[in-house]
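Descriptive analysis of the structure
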Amino acid sequence: MDIVLLSRWQFALTTIYHFFFVPLTLGLGIYVAILESMYVKNGNPEYKRLVKFWGKLFLINFAMGVVTGLVMEFQFGMNWSEYSRFVGDIFGAPLAMEGLIAFFLESTFIGVWIFGWERLSKKMHAAMMWLVAIGTNLSAFFILAANGFMQSPVGYVINNGRAEMVDFGAIITNPRALYFFAHTITSGLVTASFFILGFSAYHLLRKKDESAFKISLKLAAVIGFFATVAVIGTGHFQGMELKIAQPMAAAASEAHFETQDPADFSLIAGFTPDGKNVTWNVTIPKALSFLYYFKFEGEVEGINNLQTQYEAKYGPGDYVPLVALTYWTFRIMVALGFLMALITLVIWFYSGKKFPRKGNWLLKILPIAIFFPYLANTAGWILTETARQPWAVTGLILTKDAVSPNLTPTTILISLIGFVLVYGVLMVIDLYLLIKNAKKGLAAGDSTSEPLDVVAVEKTSGGK
Amino acid sequence: MDLNILWFILVCVLYIGYFFLEGFDFGVGMLVPLLGKKDEERRAIINTIGPHWDGNEVWLVTAGGATFAAFPNWYATMFSGFYLGFFLLLLALIFRGVAFEFRSKIGSPVWRNTWDKLIAISSFLAAFLLGVVFTNVVNGVPIDGNQIYTGTFFTLLNPLSIIGGLAVVVIFLVHGANFLSLKLTDGMRERANKAAKVMWVSALIIAAIYLIWIVFSTQAFVEKGFVGMIAPLLAAVTLVLSRVFMGMKKEGWAFSMTGLTILFTVASLFVALFPNVMISSTSPEFNLTIYNASSSPYTLKVMTIVAIVMVPVVVAYQIWTYIVFKKRVKADPETLHY
């Protein structure tokens, strides 16, 4: 096996794994901060219990996000040293800023929040969680600014055999980065909304702490609905930008092979075993043009045409990504997006006084729906990163030229197997702790003076 | 002074910050099973660093990010060259990070003992590897004319780097024990103080061997002559002073002194290194320097503005967290989180 392929597998696995935890951190932090602010305002201990309940789940998830994020930062140098040399002048800056501006903020104040229940005033304590929520979302911004450059490079010149930054403003206002950011933080809110809806429903079905879980259910239904609509909206505009900056990626995600005007939209298609061609294709006439131009006309370039153009521009080679993968991940993501919008709308509609009696069937769906945003998030990232191939940075450096030349397949196999084993074990433990704590429900009524109920854990599990 | 020099200093400051801060919480991590006899005691030990360890670790993330941003070739050569070393460091940091959060979530003694051991082992491993990495950077590793590392994983494990790793471990142990005697109460405070004194002996011996060896054997230090010896001497002096303060039960002073020992040790490596950032044992011509490894002047300028604004802000709010949690930690489950 060659070192490019192994490094790609390792990068894919560690990135996808990292992104299991990130969206929930982004969204749930905001929820906990909102709930705590409500508690500061109304003084109702029920809200405080909710803050502690969701806060504890937030912390379990947060820890995993932090440690798997470390891997991401080291990996560019470890596996992709030639990439790091080529774009370090641009790519390193947002990563360093992420540390200085965002990661310090969230990591410092999360510690104060965990341990500060007795040391700080109520207002101050709530402010700590807001700082954490702001920090995590700012983190996302800098990382996405870096990734935005990989997709759609701006603000650079090629000099001394590498990409050098000439306009920092252009890099952080890169349209792709801004769409990415809007799309990702709203996805975070959707993920947290379904997480809260699912576990609230679980407890409501068992008639446990009904009044408290109704509060979080309603809050998540309302925020979740708007967030899901926003995810769909930002996703759409991101798609329009994709067509301009990365026409090949856009064409691949639609399995659009021939340039057409007006262009047909593929509803469902079958692919050859190598995933690079369609065998059959069900299309809606003119619909693809409508998606891009809001009218039933307009040219959309196809894969074949683009391949010819790229060969003329960059020399011979295969510039077509794995079409089947981009096509299906795109469709899975979009379908789940609409499904989730529908679910939140219905639950919002039912969440009046008579709920949950009237919408009982919905409560049974919600715990399963926790998985939907996770599937959609993962599909979205696979789409983003594979549709860019064979490029590491669109038009500038190929993935195969980006790898560290000193590595041997054995070395990468060691780390790849190591990560798979460790990540596998940790996933089991994380899910176990998350589900166990989520199912346990709110801490005892008198928990208001306790710093998160570790004591209760000990009592119930019979430990020391 | 040009920006390349400024960034060399800034990267050095970030690593000093990291070693100073995570130094004591690696030390505390290693001491968990050694000093904590009962579960409550171990929890108290972990809780002394509870509010801080996560923020401390970000110093490494930022130092890594700053290296990437300011000296991309340094970042590329070091991280790809020391591949398996960094892989092990990542595993150690992963286990440590989740261990703090996971250990108290389940009451079973087996569960908790397992995580406590993992905290100790991973703290040891991370400290050791960091010592190995930085010793090799200064001592030199095979790097070719394209700035590509040509050694293997085992090139990194040589007698000097292993002593370097051990020196970091023992200094962190003393630093951590000093921190604990500053943060714990009653019997545990005594125990920590005693542990600090016991481990101080091995720290002095190993650190002395390490510093003498590296100062007199490595090209980087030899070239600097007397200038290169100032920081190692100060490291030795502060380490001796820390023992004096331990004897006087001045815990804050003893802790500050081991902190200074760490500061001067890291500083001595960077002084020796300057103006290189990685030494090539293949040929001095292939050394990575603050010029041939750096970013463009424009990027350095942007990063300088960000750093000048943000570093003081970060330092200020991190100091504030230590003020908020200045009280000593009692081994009382009612007040513990982790």
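Every chain is numbered on its own, with residues counted from 1 as its sequence reads. The order in which chains are written sets their letters, starting at A; the order in which ligands are written sets their numbers, starting at 1. Per-residue local features are limited, in this predicted model, to residues with pLDDT of at least 70; the limit for side-chain atom pairs, both in listing and counting, is 80 or more; totals at the level of whole chains, interfaces and linings are taken over all residues. Only hydrogens and water are set aside when side-chain values are computed; all heavy atoms of the structure are taken into account.

1. Remarks on the overall build of chain A
Where we set the bar: Secondary structure elements follow DSSP: runs of H or I no shorter than four residues count as helices, runs of E no shorter than two count as strands, and numbering proceeds from the N terminus. Based on C-alpha atoms, the radius of gyration is set beside the globule rule, defined as 2.2 Å times the residue count to the power 0.38. Contacts: residue pairs with any heavy atoms within 4.5 Å of one another. Residue-level accessible areas treat just the shown protein chains as cover; the underlying method is Shrake-Rupley with a 1.4 Å probe. Lys and Arg are tallied as positive, Asp and Glu as negative. Neither His nor the chain termini are counted. All charge positions are set by atom: Lys at NZ, Arg at CZ, Asp at CG, Glu at CD.
When helices and strands are counted, chain A shows 16 helices and 6 strands. Relative to a compact globule of 464 residues, whose C-alpha radius of gyration would be 23 Å, chain A shows 24 Å and is just as compact. When its C-alpha atoms are laid out on the principal axes, chain A stretches across 70 × 50 × 40 Å. Relative to all contacts within chain A whose residues are 6 or more apart in sequence, the contacts with residues 24 or more apart total 78%. When the accessible area of chain A is evaluated, it comes to approximately 17,600 Å², of which 68% is carbon and sulfur surface. Taken as two groups, the 35 positive and 31 negative side-chain charges of chain A have centres that lie 15 Å from each other.

2. Some words on the overall build of chain B
Selection rule: Throughout, exposure labels follow a simple rule: accessible area from a 1.4 Å probe, protein chains only, divided by the maximum for the residue type, with under 20% read as buried, over 50% as exposed, and the rest as partly exposed.
Across its full length, chain B carries 12 helices and 2 strands. Moving toward the C terminus, one meets the helices and strands of chain B in the order α-α-α-α-α-α-α-α-α-α-α-β-β-α. For chain B, whose C-alpha radius of gyration is 20 Å, the value lies close to the compact-globule estimate of 20 Å for 338 residues. The C-alpha extent of chain B, read off along each of the three principal axes, is 60 × 35 × 35 Å. Here chain B, with 338 residues, has 65% of them falling under the buried criterion. Put simply, of all contacts in chain B between residues at least 6 apart along the chain, 80% involve residues at least 24 apart. Total accessible area computed for chain B in this model is approximately 11,500 Å², and 74% of it derives from carbon and sulfur atoms. Side chains of chain B give 23 positive and 18 negative charges; the mean places of these two sets differ by 10 Å.

3. Things to note about a positive patch on the surface
What counts here: Like charges are joined within 9 Å and nonpolar side chains (Val, Leu, Ile, Met, Phe, Trp, Tyr) within 5 Å, but only among residues with over 30% relative accessible area and no salt bridge; these make up the patches. Counted as salt bridges are all cases of a side-chain nitrogen of Lys or Arg within 4 Å of a carboxyl oxygen of Asp or Glu.
The grouping of A:R119, B:K326, B:K327 and B:K330 at the surface amounts to a positive patch. By secondary structure assignment, the location of A:R119 is in the loop between α3 (81-115) and α4 (122-151).

4. Observations regarding the packing of α4(A) against helix α6 (residues 175-205) of chain A
All names here are of chain A. In plain terms, the rule: Under this scheme, a helix contributes an axis fitted over its contacting stretch, all axes are lines through C-alpha atoms, and angles between N-to-C directions fall in the 0 to 180 degree range. Orientation labels follow simple angle bins: below 35 degrees gives roughly parallel, above 145 gives roughly antiparallel, 65 to 115 gives roughly perpendicular, and whatever is left gives oblique. Note: crossing handedness is left-handed where the near helix turns anticlockwise from the far helix by less than a right angle, and right-handed where it turns clockwise. For this classification, Asp, Glu, Lys and Arg are treated as charged, while Ala, Val, Leu, Ile, Met, Phe, Trp, Tyr, Cys and Pro are nonpolar and the rest, including Gly, are polar.
Where α4 meets α6, the axes come as close as 8 Å, and the angle between the chain directions of the two elements is 135°. Considering the angle they form, α4 stands oblique to α6. Remark: the crossing between α4 and α6 carries right-handed chirality. The segment α4 lies against α6, with N137, A140, F141, L144, A145, N147, G148 and Q151 engaging R176, A177, L178, F180, F181, T184 and I185. Grouping the constituent residues of the contact of α4 with α6 by class yields 9 nonpolar, 5 polar and 1 charged.

5. What about the confidence of the model for chain A?
What counts is decided by this rule: Values of pLDDT, the confidence the predictor places in each residue, fall between 0 and 100.
Counting all residues, the mean pLDDT for chain A is 89, and 94% of those residues have values of 70 or more. Under a pLDDT of 50 for its full length, residues 445-464 of chain A has, in the predicted model, 48 contacts with residues more than four places off or in other chains.

6. Overview of α3(A)
Residue and element names in this part refer to chain A. Rules: Any helix carries an expected span of 1.5 Å times its number of residues minus one. What we call the bend at a residue is the angle made by axes fitted to the seven residues finishing there and the seven residues starting there.
Spanning 35 residues, α3 covers only 40 Å between terminal C-alpha atoms, well under the ideal 51 Å at 1.5 Å per step. G88 marks where α3 bends most, by close to 90°. Within α3, 33 of the 35 residues are buried, which leaves the element mostly enclosed by the surrounding structure.

7. Considerations on the packing of aromatic side chains
All names here are of chain B. For clarity, the threshold we go by: Working definition: rings of Phe, Tyr and Trp (its six-membered ring) pair if their centres are within 6.5 Å, and the pair is stacked with planes under 30 degrees apart, edge-to-face with planes over 60 apart, and tilted otherwise.
Taken as a whole, this structure holds 68 aromatic pairs over all chains when the rule is applied. Centroid distance F82 to Y149: 5.9 Å. Interplanar angle 80°. Geometry classified as edge-to-face. Of this pair, F82 sits in the loop between α4 (72-81) and α5 (83-102) while Y149 sits in the loop between α6 (109-139) and α7 (159-183); the two residues are 67 residues apart in sequence, bridging distant segments of the chain. With respect to class, F82 is no different from Y149; both count as buried. Pairing F179 with F255 gives two aromatic rings, centres 5.6 Å apart and planes at 50°, and the pair type is tilted. Here F255 lies in helix α11 (residues 251-273) and F179 lies in helix α7, a separation of 76 residues in the sequence.

8. Notes on the interface of chain A and chain B
So the rule is basically this: By definition, the buried area sums, over both parts, the 1.4 Å-probe accessible area that each loses when the two are put together. Definition of a polar contact: a pair of N or O atoms within 3.5 Å, with one able to donate and the other able to accept a hydrogen when the atoms are protein atoms, and with sequence-neighbouring residues admitted only if both atoms are side-chain atoms.
Taken together, the contacts link 82 residues of chain A with 77 residues of chain B. Buried area between chain A and chain B, both sides added, is near 6,900 Å², and the carbon and sulfur share of it is 75%. When the area that chain A buries against chain B is broken down by residue, the three leading residues are A:R85, A:F104 and A:F115, summing to 11%. Linking chain A with chain B are 0 salt bridges, by the criterion used here. Counting the contacts that link chain A with chain B gives 18 residue pairs in polar contact (both at pLDDT 80 or more). Mapped onto the side of chain A that touches chain B, the elements with two or more residues apiece are α2 (45-79), α3, α4, β2 (162-165), α15 (409-440) and α16 (454-461) of chain A. A breakdown of the residues in the side of chain A that touches chain B according to their chemical character gives 49 nonpolar, 20 polar and 13 charged.

9. Things to note about the pairing of strand β3 (residues 265-271) of chain A
All names here are of chain A. For clarity, the threshold we go by: When DSSP finds at least two bridges between two strands, those strands are taken to pair.
Of all 7 residues that make up β3, 5 are buried, and the element is covered over most of its length. Alignment of β3 against strand β4 (residues 278-284), held across 6 bridges, turns out to be antiparallel. Looking at the pairing, F265 lines up with I284 of β4. Connecting the antiparallel pair β3 and β4 is a turn made up of 6 residues, with G275 showing a positive phi of about 75°.

10. Some remarks on empty space enclosed by the protein
We apply this condition: Space inside and on the surface of the protein is sampled on a 1 Å grid over the protein atoms alone, with a cavity defined as a set of points where a 1.4 Å probe fits but cannot get out and a pocket as an open set with protein on both sides within 12 Å along at least 5 of 7 lines; lining residues have an atom within 4 Å of a point. Grid points are joined across faces, edges and corners, and a volume is the space filled by probe spheres set on the points.
The tally for this structure, following the rule as stated, stands at 8 cavities of 30 Å³ or more. Lining the largest cavity are 32 residues; nearest its centre among them are A:H18, A:V22, A:G69, A:M72 and A:I143. Of all the secondary-structure elements, those providing two or more residues to the lining of the largest cavity are α1 (3-42), α2, α3, α4 and α13 (371-387) of chain A. For the lining of the largest cavity, the class distribution of residues is 19 nonpolar, 9 polar and 4 charged. Considering only enclosed or pocket space, the second largest cavity measures out at about 200 Å³ in volume. Elements with a minimum of two residues in the lining of the second largest cavity: α6, α7, α8 (186-217) and α11 of chain B. Here the residues of the lining of the second largest cavity sort into 13 nonpolar, 5 polar and no charged.

11. Things to note about helix α10 (residues 227-247) of chain B
All names here are of chain B. Put simply, the rule reads: By construction, the arc corresponds to the directions joining the helix axis to the C-beta atoms.
With 21 residues, α10 ought to run about 30 Å at 1.5 Å a step, and its terminal C-alpha atoms sit 32 Å apart, in line with that. Burial in α10 covers these residues: G228, A231, P232, A235, T238, L239, S242, F245 and M246. Along the axis of α10, the buried residues cluster in a sector spanning 140°; they form a single face. Tucked into the core, α10 has its buried residues touching α7, α8, α9 (219-224) and α11. Immediately beyond the C-terminal end of α10, within one or two residues, lies K249, with a positive phi of roughly 60°.

12. Looking at unusual backbone geometry
In this structure, A:P262 follows A:D261 across a cis peptide bond, with omega equal to -5°. Following the sequence through the fold, A:P262 ends up in the loop between α8 (247-253) and β3. Looking along the chain, the bond that leaves B:F274 and enters B:P275 is cis, with omega of 0°. Turning to its location among the elements, B:P275 is positioned in the loop between α11 and β1 (276-278). Phi is positive for A:N160, close to 50°, though the residue is something other than glycine. Mapped onto the fold, A:N160 is located in the loop between β1 (156-159) and β2.

13. Thoughts on the domain arrangement of chain A
Reports of interface size often rely on the accessible area that becomes lost once the parts have come together. Residues and elements named next belong to chain A. Rule in force here: Domain limits in this description derive from either an automatic procedure or a database domain assignment.
Domain boundaries in chain A define domain 1 (3-246 + 350-461) and domain 2 (248-321). When each unit is reduced to the centre of its C-alpha atoms, the spacing between domain 1 and domain 2 is 32 Å. Each side of the interface is counted separately: domain 1 has 13 residues, and domain 2 has 14 residues. Taking both partners together, domain 1 and domain 2 bury about 1,100 Å²; carbon and sulfur atoms supply 73% of that area. Linking domain 1 with domain 2 are 0 salt bridges. Counting across the interface, domain 1 meets domain 2 through 5 residue pairs in polar contact (both at pLDDT 80 or more). The set of elements that each furnish at least two residues to the side of domain 1 that touches domain 2 consists of α7 (210-245) and α13. No other element matches the 5 residues that α7 contributes to the side of domain 1 that touches domain 2. Split into classes, the residues belonging to the side of domain 1 that touches domain 2 amount to 6 nonpolar, 6 polar and 1 charged.

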